[in-house]
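Per-entry structural report
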Amino acid sequence: MILSASTLEKLRDAILRLELAPGAALTERGLEPLLDASRTTVRGALLKLEAEGLVVKSGRGYSVAPIDLSEITQACDWREVIEVSAAKLSVRKSSPTQLEALQTKLRAANPLEPMQSYLRDATDFHVQLAKLSGNAFMVRALEDVLVRLARARSFEAGTEAGRTRANTEHNRILELVIAGNSAQVELELKAHLERSRNRVLTALLESGGLQVRIAGKAGAM
């Protein structure tokens, strides 16, 4: 199966940006001109995104997966387990040079930039912090769960106020990592993730016209 990275990224971005809304029908023929790719390449991208949970089989074709609140809650639980453990390891294993480099990148993040650009920066912060743990298994697990949460997190990042709050919290967490305060890192990161979860779920429940699944039942909200 041919899988083009550019085709995969185009299709994934269209789903994450909600240009292809939850529940939208996807066909290989229809996606060929949109992605400027062969049908075989489109098929490979769909299979990959099905594995990521962003598309689902629908008859003979596919559709964009609905946003499942139960799945989001479970993913948030799993994210907290991974990320808090990785952050505590990062306190012990990171070097001053690594922390300085991460702090420089974080300072360059601008909550006033477009939502998708800031969301990439915010995701990169969480992944880079986990990488300081030196544990590749934790990093891969975190990257996977962040992909599955990406659409939901875009609702939190959709306002300047939400991006500013998240950026402030990121800086506070990194300050504690630099200070070597593992216990406070755990408390602050758990609080950050809980606030993020609550903002995401509230935004989804208040959204209109999106296919959101609650307790196994899909419907437009």
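Residue positions are given per chain, counting from 1 as you read along its sequence in written order. Only residues with pLDDT of at least 70 are given local features in this predicted model, and only at 80 or more are side-chain atom pairs given and counted; all residues enter the totals for whole chains, interfaces and linings. Excluding hydrogens and water, the side-chain figures rest on all heavy atoms present in the structure.

Glancing now at the confidence of the model for the protein chain. For every residue, the predictor reports its confidence as pLDDT, a number between 0 and 100. For the protein chain, mean pLDDT is 88; residues scoring 70 or higher make up 92% of the total. Whether two residues touch is decided by their heavy atoms; if any such pair falls within 4.5 Å, the residues are in contact. Note that pLDDT drops below 50 for residues 216-221; the model gives that stretch 17 contacts with residues more than four away or on any other chain.

Think of it in three bands: with a 1.4 Å probe and only protein chains considered, a residue is buried below 20% of the maximum accessible area for its type, exposed above 50%, and partly exposed in between. The helix count covers DSSP runs of H or I at least four residues long, the strand count covers runs of E at least two residues long, and both are numbered beginning at the N terminus. Of the two faces of strand S3 (residues 61-64), both are covered, the one formed by Gly 61 and Ser 63 as well as the one formed by Tyr 62 and Val 64. Two strands are said to pair when DSSP picks up at least two bridges between them. Pairing between strand S2 (residues 55-58) and S3: four bridges, direction antiparallel. In the strand pairing of S3, Lys 57 is matched with Tyr 62. Linking two consecutive strands that pair antiparallel, namely S2 and S3, is a turn of two residues; a positive phi of about 65° is found at Gly 59 within it.

Note on definitions: salt bridges are taken to be side-chain nitrogens of Lys or Arg within 4 Å of carboxyl oxygens of Asp or Glu. The final tally for this structure, using the stated rule, is 15 salt bridges. For Lys 88, the salt bridge is made with Glu 186, and the minimal N-O distance between the two is 3.3 Å. Of this pair, Lys 88 sits in helix H4 (residues 69-93) while Glu 186 is found in helix H9 (residues 182-206), placing the two residues 98 residues apart along the sequence. Take Lys 88: its relative accessible area is 30%, and that puts it in the partly exposed class. As a salt-bridge pair, Asp 144 and Arg 148 come within 3.5 Å of each other at their nearest N and O atoms. Taken together, the residues span about one helical turn, with Asp 144 and Arg 148 both in helix H7 (residues 136-156) at a distance of four residues.

Taken in spatial order, the three strands make up an open sheet running S1-S3-S2, and their pairing is antiparallel. Strands at the two margins of the open sheet, each flanked by one partner only, are strand S1 (25-26) and S2. Orientation is described by lines fitted to C-alpha atoms, with helices fitted over the stretch in contact, and by angles between N-to-C directions that extend from 0 to 180 degrees. Those strands touched by helix H3 (residues 39-52) are S1, S2 and S3, and its axis lies near 110° from that of S2.

Moving on, we get to the side chain of Ser 63. Mapping Ser 63 onto the fold places it in strand S3. By relative accessible area, which is 12% here, Ser 63 ends up buried. Ignoring anything within four residues of it in the chain, the contact list for Ser 63 reads Gly 23, Ala 24, Ala 25, Leu 26, Val 55, Val 56 and Ser 58.

Attention now moves to the layout of surface pockets. Throughout, the protein atoms alone are placed on a 1 Å grid, and a set of points is a cavity if a 1.4 Å probe fits but cannot get out or a pocket if it is open with protein on both sides within 12 Å along at least five of seven lines; lining residues have an atom within 4 Å of a point. Grid points are joined across faces, edges and corners, and a volume is the space filled by probe spheres set on the points. As a volume, the largest pocket reaches approximately 430 Å³. Lining the largest pocket are 15 residues, and of these Arg 12, Leu 16, Arg 120, Thr 123 and Val 147 lie nearest its centre. For the lining of the largest pocket, the elements supplying multiple residues, two or more each, are helix H1 (5-16), helix H6 (115-131) and H7. Classification convention: Asp, Glu, Lys, Arg as charged; Ala, Val, Leu, Ile, Met, Phe, Trp, Tyr, Cys, Pro as nonpolar; all other residues, Gly among them, as polar. Of the residues belonging to the lining of the largest pocket, the class tally is six nonpolar, two polar and seven charged.

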